[in-house]
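Listed below are the residues making up each chain.
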Amino acid sequence: MKILITGGTGFLGTALSRRLVELGHDVTALGSRQADLRVPGSLDGFAGPFDQIYHLAAWTQAGDFCLRHPGEQWLINQRLNTTVLEWWQQRQPQAKLISMGTSCSYAPDRPLVETEYLNGQPIDSLFTYAHTKRMLHVGQLSLQKQFGLRWLTLVPSTLYGPGYHTDGRQMHFIFDLIRKILRAQLYGEEVVLWGDGRQRRELVHVGDFVEAAVALAGTVEGELVNVGAGEEFSIRHFAELICSEVGYDPARIRYDTTRYVGATSKCLEVTKLRQLLPGFQPRPLRDGLRSTIAWFREHEAKLLPKPAP
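Heads up: these notes are all about the structure in this document. If you're wondering where the values come from, they're calculated on a predicted model, not measured in any experiment. (Residues numbered from 1 in each chain as written. Predicted model: local features only at pLDDT ≥ 70, side-chain atom pairs only at ≥ 80, totals over all residues. Heavy atoms only, no water.)

### Quick look at the sheet that holds strand 5 (residues 150-156)
The line we're drawing: Two strands are said to pair when DSSP picks up at least two bridges between them. In this text, helices come from DSSP runs of H or I with a minimum length of four residues, and strands from runs of E with a minimum of two, each type numbered from the N-terminal end. Each axis is a line fitted through C-alpha atoms, and for a helix only the stretch in contact is used; angles between axes span 0 to 180 degrees, taken between their N-to-C directions. In what follows, a contact means two residues having at least one pair of non-hydrogen atoms within 4.5 Å.
Read from one edge to the other, the open sheet built from six strands follows the order 2-1-3-4-5-10, with strand pairing classed as parallel. Two strands in the sheet have a free side with no partner beyond their single neighbour: strand 2 (26-30) and strand 10 (223-227). Neighbour to neighbour, the strand axes of the sheet diverge by 15° on average, direction disregarded. Note: strand 5 against strand 10, five bridges, orientation parallel. By the bridge assignment for strand 10, Leu154 is matched with Val225. Where helix 4 (residues 127-147) meets the sheet, it contacts strand 3 (52-55), strand 4 (96-100), strand 5 and strand 10, and its direction lies at approximately 160° from that of strand 5.

### Section: the nonpolar core
Put simply, the test is: To form a nonpolar core, buried Ala, Val, Leu, Ile, Met, Phe, Trp, Tyr and Cys residues must be joined to one another through side-chain atoms within 4.5 Å. Burial classes follow relative accessibility: with a 1.4 Å probe on protein chains only, a residue under 20% of its type's maximum area counts as buried, one over 50% as exposed, and anything between as partly exposed.
In this structure, Tyr54, Leu154 and Ile174 are the most contacted members of the largest nonpolar core, which totals 68 residues. Within the second largest apolar cluster, 20 residues are counted, among which are Leu30, Trp88, Ala95 and Trp151.

### Remarks on unusual backbone geometry
In the segment running from Gly48 into Pro49, the intervening peptide bond is cis, with an omega of -5°. Topologically, Pro49 is positioned in the loop between strand 2 and strand 3.

### Description of the layout of surface pockets
For clarity, the threshold we go by: Cavities and pockets were defined on a 1 Å grid built from protein atoms only: a cavity is a group of points that admits a 1.4 Å probe but offers it no way out, a pocket is an open group of points flanked by protein on both sides within 12 Å along at least five of seven lines, and a lining residue is one with an atom within 4 Å of any such point. Grid points are joined across faces, edges and corners, and a volume is the space filled by probe spheres set on the points. Residues are grouped as follows: Ala, Val, Leu, Ile, Met, Phe, Trp, Tyr, Cys and Pro are nonpolar; Asp, Glu, Lys and Arg are charged; all remaining types, including Gly, are polar.
Roughly 280 Å³ of volume is contained in the second largest pocket. Lining the second largest pocket we find 21 residues, and of these Ala229, Glu231, Gln281, Pro282 and Arg283 sit closest to its centre. Contributions of two or more residues to the lining of the second largest pocket are made by strand 9 (203-205) and helix 8 (271-276). In terms of residue count, strand 9 provides more of the lining of the second largest pocket than any other element does, three residues in total. Residues that form the lining of the second largest pocket fall into these classes: 14 nonpolar, three polar and four charged.

### Examining the pairing of strand 3
Burial along strand 3 is two-sided: Gln52 and Tyr54 and Ile53 and His55, pointing in opposite directions, are all buried. Bridge count between strand 1 (residues 2-6) and strand 3: four bridges; the pairing is parallel. Bridged to Ile3 within strand 3 is Gln52. In the sheet, strand 3 pairs with strand 4 via four bridges, with the strands oriented parallel. Counterpart to His55 in the pairing with strand 4 is Ser99.

### Quick word on the packing of helix 1 (residues 11-22) against helix 6 (residues 206-219)
Stated formally: An angle below 35 degrees is treated as roughly parallel, one above 145 as roughly antiparallel, one from 65 to 115 as roughly perpendicular, and anything else as oblique. Helix crossings are classified by the rotation of the near helix relative to the far one: an anticlockwise turn of less than a right angle makes the crossing left-handed, while a clockwise turn makes it right-handed.
Where helix 1 contacts helix 6, the axes come no closer than 10 Å and their chain directions differ by 55°. As the angle between them shows, helix 1 and helix 6 are arranged oblique. Along this stretch, helix 1 crosses helix 6, giving a crossing that reads as right-handed. Taken together, the residues of helix 6 that come into contact with helix 1 (itself represented by Phe11, Leu12, Ala15, Leu16, Arg19 and Leu20) are Val206, Phe209, Val210, Glu211 and Val214. Looking at the contact of helix 1 with helix 6, its residues break down into nine nonpolar, no polar and two charged.

### A short note on the pairing of strand 2
When strand 1 meets strand 2, the two strands line up parallel, connected through five bridges. Counted as the bridge partner of Thr6 is Leu30 from strand 2.

### What about helix 7 (residues 235-246)?
Just so we agree on the cut-off: Multiply 1.5 Å by the residue count of a helix minus one, and that product is the helix's expected span.
In a regular helix each residue adds 1.5 Å, so twelve residues correspond to 16 Å; helix 7 covers 17 Å between its end C-alpha atoms and thus fits that length. Taken as a whole, helix 7 has its buried residues at Ile235, Phe238, Ala239, Leu241, Ile242, Cys243 and Val246.

### Structural notes on the pattern of salt bridges
Heads up, the rule is: Salt bridge, as used here: a side-chain nitrogen of Lys or Arg that lies within 4 Å of a carboxyl oxygen of Asp or Glu.
All told, the structure shown has 17 salt bridges when counted by the stated rule. Notably, a salt bridge pairs Asp26 with Lys2, separated by 3.1 Å at the nearest N-O pair. Taken together, the residues span a long stretch of sequence, with Asp26 in strand 2 and Lys2 in strand 1 at a distance of 24 residues. Overall, the relative accessible area of 30% leaves Lys2 in the partly exposed class. Residues Arg200 and Glu232 are paired through a salt bridge, measuring 3.7 Å at the closest nitrogen-oxygen approach. Highlighted residues: Arg200 in strand 8 (residues 200-201) and Glu232 in the loop between strand 10 and strand 11 (233-234), separated in sequence by 32 residues. Classification of Arg200 by relative accessible area gives partly exposed; the value is 33%. Look at the salt bridges and you will find they share partners, linking Glu245, Arg286, Asp287 and Arg290 into a network.

So far we have only geometry, and geometry alone does not tell us how the molecule works.
Spelled out as structure tokens, the structure:
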């Protein structure tokens, strides 16, 4: 198949593109340098015709980025999504559009099940980003209703694994945990984690997510599907696993309860995923963390630079 990927040079996009190429597909993976999606018509030069379009591009970062840029997030992500939706409808109507949702679109007081994706109010700190993803989903529903277009929305839990960005941006919590604990082991730096460590998170390995995404894209349409491991653990538990892998005493970690922590719990309901892909089995957490830690060590110069003298 001919497949186009927006956000194709990012963490998920790189892993997805590599896997699709391995499977024999003709892949066009675009980053912002190849197509600035803030500009209407920026995809018009990519004629295809494409069988599938994976829309992964989004203007966001980890940490407190969403708190500091709510207005920009609304404007920029709406432009990105509208550019893709318009190009899909006008120039690639034969293609199936596979978009990425976000677990933060779910209201914290409601079940994290697919039928609740558009219901309730998302957590305040992620309110804008959550609604841009909701509006992307509404766009797909609307274009299907009027023009009969085919789509699939995938909602991942937090992705982890080798191949994360190395350009100095804020990291999602699991990468930040690994980085801080390895730096403590290497350089004796103090490990300070935000919150009391009892907030809970769910992870899915990027390789496992890619396998699920490719399988679902080939067989499912007109559905929103959560893709996660189906279980969550405390930040303390993740920290202890990492410490056991690298040989660092977890009792030396200090928890700063004055800092922003986001949602206290976030675990996707994955019954639909298990029904659609009964063979889907995420790898054991310890194995995934071990490979991610090894990747950090392979890129020590960028990810774990020595402190300035």
